[in-house]
Amino acid sequence: MQRKVEVLIIGSGFGGAIAARRLAEAGRDVLMLERGPWRDTLPNRSLGIKNRVPLPQGIKAYTHGLRCIGSHRLKKDIVLNKRGFIEAYHGDGINVICSSGVGGGSHVYAGFMDRPLVPNYWDARHPGLCNADMERYYEELLSTYQARPLTPQDQVPNSIEHTNYGGTLSCLGHPAVAFLMPEQPGQPQKRVDANGLERWECDMKNNSFLGSPSGAKTTLDFSTLWPAMQKGLKIEAQCEVVGIRRLNGDPSQRMRYEVSFRNHDTNTHERVLAEHVILAAGGLGSVRLLLKSRDVNGGLAGMPRLGMRFGGNGDYFGLWKENSSKDLSKGMPIGSPFRLKDSQNHSVLVLRASIQGIDAIPMPPLLKGWLRKQSVIIAFGGDNNTGTMSMHNGRFRIAYKTGENEIYDQIANEVANIERATSTKVYAPRNPVTVHPIGGACLGASIADGVVGANGEVFDNPGLYVADASALPASPGGAPSLTIAAWSANVADRLIAALRERDAHQAASGSQAEPAPARQGA
């Protein structure tokens, strides 16, 4: 007999973890499937998590760094290590990087908790949603993760105020970050909470895109998912969903979807039935899975706007050859945003990322020494979401044109001006790299202009929801983690309210039949 679950969540990043915790705390029956493993970090060891897999630290950077490489130009994706950390996708005009593991993108993010740079971001998207509705989630999440702006008292090495080329670069402020900062600056200590959770305060050395082995960076595995497990959440790691099929049986039966997945631990194909399915496999994974389920497997139908309005948040990455006299690898993984003094590119945010985690990676000492003097320059500012995601001959494809997104002209101008003003050099790929894929299953007012409504439910597939960056109606401009989390909280809370209403209706009528789906935006 196939397993049955009330709510199935696919993915464990900001879209999946936030919803899972709220639903579990509300007493719902929740199962989460995550294609990647639990990572071997101090917090997870202290909590007794089993079957942990190394972060790409030390020599493991070579064996566990890459999970897979994908492109529509390949006959099939190249899977290097099913327990690997990073998926790299080569698209037509843009490249996408995303992570794999319990906790999703929280392992590779810089801890930034930004509100959208776009004013009134949520207004005029759907009549049942507005900025005021969403603001409470931003406040709640900032408090939950104890995110705060850095101050001079934190004594962060290589902050932009101290590496601004004599005032040539101008700091734009300090966003809130979700990090455990030292109570005594420069003297990180281990902390243990009432549950036995162990973390080190930030050592300013190794909390970057290679993960945070010490737990100084607040990741979702220990901060959100483990508490949800104490409330009944079930997580099955190393389980990669390969298809979703809508069931068209007796409407009195609650189960509405069959989800197929590959269990990489047992090397078996399995299925589970679910009344509600929440997609949160990331801005790349969720749309890809929906397209495959509809266009290849034939398990879903409809969704005429699926794959439209894809964007990369205006992301730009390049190696910044600074040849600094300082060891730039020390400090926060990414510094506060800046621009050139008197810059006219007001939509662009520029950041310096430290090249951290290289101390234990086997490589020539001269190369290590050289890398410590350089950095990664990052820029973003929001694009126009003009890209598309589709399936061609069974292969997933992203098509994107930087020429349709003026933010890249501004970024190119800003970077060139920085090079000239600082006598440095930036080396960047011809096509941009994004770690913030946005859209493809966007929020809209109706099926004519979107895929999901204000409650995250797909318009023409009741019981199917999108709770991650795929549903965002536009690029937020700044780091999107907090906005994804806020959207996920909104989706979860509306589903909880609908389930409670259904339960009350059934209790009053004595019926076990499933009532008609709630109206969109309810």
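Structural notes, computed from the coordinates. Since we're looking at a predicted model, the values are computed, not measured.

Reading guide: rules and limits
The residue count restarts for each chain, going from 1 along the sequence in the order it is written. Given that the model is predicted, a residue must reach a pLDDT of at least 70 before its local features are reported, and side-chain atom pairs must reach 80 or more before they are shown or counted; all residues, however, enter totals for whole chains, interfaces and linings. As a rule here, side-chain values come from all non-hydrogen atoms in the structure, and water together with hydrogens is ignored. A residue counts toward a patch only above 30% relative accessible area and without a salt bridge, and it is joined to like-charged neighbours within 9 Å or, for Val, Leu, Ile, Met, Phe, Trp and Tyr, to nonpolar neighbours within 5 Å. In short, Shrake-Rupley with a 1.4 Å probe defines the accessible areas, and a residue's cover is counted only from the protein chains shown. A side-chain nitrogen of Lys or Arg and a carboxyl oxygen of Asp or Glu constitute a salt bridge if their distance falls within 4 Å. Starting at the N terminus, helices and strands are each numbered in turn, a helix being any DSSP run of H or I of at least four residues and a strand any DSSP run of E of at least two. Only rings of Phe, Tyr and Trp enter the pairing, Trp through its six-membered ring, and a pair is recorded when the two centres are within 6.5 Å. The plane angle decides the type: under 30 degrees is stacked, over 60 is edge-to-face, the rest tilted. For every residue, the accessible area (1.4 Å probe, protein chains only) is compared with the maximum for its type, and the residue is labelled buried under 20%, exposed over 50%, or partly exposed between those bounds. Remark: a charge is flagged as sitting over a ring if the NZ atom of Lys or the CZ atom of Arg is within 6 Å of the ring centre and within 35 degrees of the ring normal. Method remark: on a 1 Å grid restricted to protein atoms, a set of points is classed as a cavity if a 1.4 Å probe fits but cannot get out and as a pocket if it is open with protein on both sides within 12 Å along at least five of seven lines; lining residues have an atom within 4 Å of a point. Grid points are joined across faces, edges and corners, and a volume is the space filled by probe spheres set on the points. The classification used treats Ala, Val, Leu, Ile, Met, Phe, Trp, Tyr, Cys and Pro as nonpolar, Asp, Glu, Lys and Arg as charged, and all other residues, Gly among them, as polar. When checking whether two residues touch, look at their non-hydrogen atoms; a contact exists if any pair is within 4.5 Å. Helix span, as expected, comes to 1.5 Å for every residue beyond the first. Taken from the helix axis, the directions to the C-beta atoms give the arc we talk about. A pair of strands is treated as paired once DSSP finds two or more bridges between them. Polar contacts here mean pairs of N or O atoms no more than 3.5 Å apart (in protein, one a potential hydrogen donor and the other a potential acceptor; neighbouring residues in sequence count only if both atoms are side-chain atoms).

## Side note on a nonpolar patch on the surface
Taken together, Leu 66, Ile 69, Ile 78 and Leu 80 make up a surface patch of nonpolar side chains, about 310 Å² in accessible area. For Leu 80, the location among the structural elements is in the loop between strand S6 (78–79) and strand S7 (86–90).

## What about the packing of aromatic side chains?
Applying the stated criterion to the full structure yields eight aromatic pairs. Relative to Trp 122, the ring of Tyr 121 has its centre 5.0 Å away and its plane inclined at 90°; by these criteria the two rings are edge-to-face. In this pair, the class of Tyr 121 matches that of Trp 122, namely buried. Directly above the ring of Tyr 121 sits Arg 125, whose terminal nitrogen or CZ lies 5.2 Å from the centroid. The ring of Phe 396 carries Arg 288 above its face, with NZ or CZ at 5.8 Å from the centroid.

## Regarding empty space enclosed by the protein
Tallied over the entire structure, the rule returns one cavity of 30 Å³ or more. Volume-wise, the largest cavity comes out at about 40 Å³. Considering the residues around the largest cavity, the lining is formed by Thr 41, His 107, Ser 212, Gly 215, Lys 217, Thr 219, Asp 221 and Phe 222. Residue composition of the lining of the largest cavity, by class: one nonpolar, five polar and two charged.

## Re the environment of Trp 38
Relative to the helices and strands, Trp 38 is located in strand S3 (residues 38–39). Remark: the alpha-carbon pair of Trp 38 and Arg 502, spanning 464 residues in sequence, is separated by 35 Å. Residues contacting Trp 38, with those up to four places away along its chain left out, are Asn 44, Ile 49, Lys 50, Asn 51, Arg 52, Val 53, Val 102, Asp 221, Met 229, Ile 235 and Ala 237.

## With respect to helix H8 (residues 407–422)
For H8, spanning 16 residues, the distance from its first C-alpha to its last is 22 Å, which sits close to the expected 22 Å at 1.5 Å a residue. Among the residues making up H8, those that are buried are Ile 407, Tyr 408, Ile 411, Glu 414, Val 415, Ile 418, Glu 419 and Thr 422. Projected down its long axis, H8 carries its buried residues within an arc of 135°, all on one side. Away from its buried face by more than 90 degrees, H8 exposes Asp 409 and Arg 420. The elements touched by buried residues of H8 are strand S11 (169–171), strand S19 (316–321), strand S20 (338–340), strand S21 (349–353), strand S22 (375–380) and strand S25 (425–427). Positive phi appears at Ser 423, one or two residues downstream of H8, with a value of about 55°.

## Considerations on the sheet that holds strand S8 (residues 95–99)
Spatially, S6-S5-S7-S8-S26 is the arrangement adopted by the five strands of the open sheet, whose pairing is mixed. Lying at the two open borders of the sheet, with one neighbouring strand each, are S6 and strand S26 (433–434). Pairing analysis gives five bridges linking strand S5 (residues 66–71) to S7, with the strands arranged parallel. Bridge pairing in S7 places Gly 70 opposite Tyr 89.

## A word on the sheet that holds strand S10 (residues 148–149)
Pairing within the open sheet is antiparallel, and its three strands lie in the order S9-S12-S10. Two strands bound the open sheet, and with one partner strand each, they are strand S9 (112–113) and S10. Strand direction decides the pairing type here: S10 and strand S12 (residues 176–177), joined by two bridges, are antiparallel. Note on S12: the bridge partner recorded for Pro 149 is Ala 176.

## What about the layout of surface pockets?
A volume near 580 Å³ is recorded for the second largest pocket. Contributing elements (two or more residues each) for the lining of the second largest pocket: strand S13 (190–192) and helix H5 (220–229). Among the elements that line the lining of the second largest pocket, the one with the most residues is H5, at four residues. Of the residues contributing to the lining of the second largest pocket, the split by class is eleven nonpolar, five polar and five charged.

## A word on the side chain of Asn 164
Checked against the element boundaries, Asn 164 lands in the loop between S10 and S11. For Asn 164, a relative accessible area of 18% translates into the label buried. A distance of 3.3 Å separates the side chain of Asn 164 from the backbone nitrogen of Gly 166, its partner in a polar contact.

## Things to note about the environment of Ile 9
Within the secondary structure layout, Ile 9 lies in strand S1 (residues 3–10). Residue Ile 9 is classed as buried on the basis of its relative accessible area, which comes to 0%. On a C-alpha basis, the gap between Ile 9 and Lys 368 in space is 41 Å, while along the polypeptide they are 359 residues apart. When near neighbours in sequence (up to four residues on either side) are disregarded, Ile 9 contacts Gly 16, Ala 19, Ala 20, Leu 23, Val 30, Leu 31, Met 32, Leu 33 and Ile 278.

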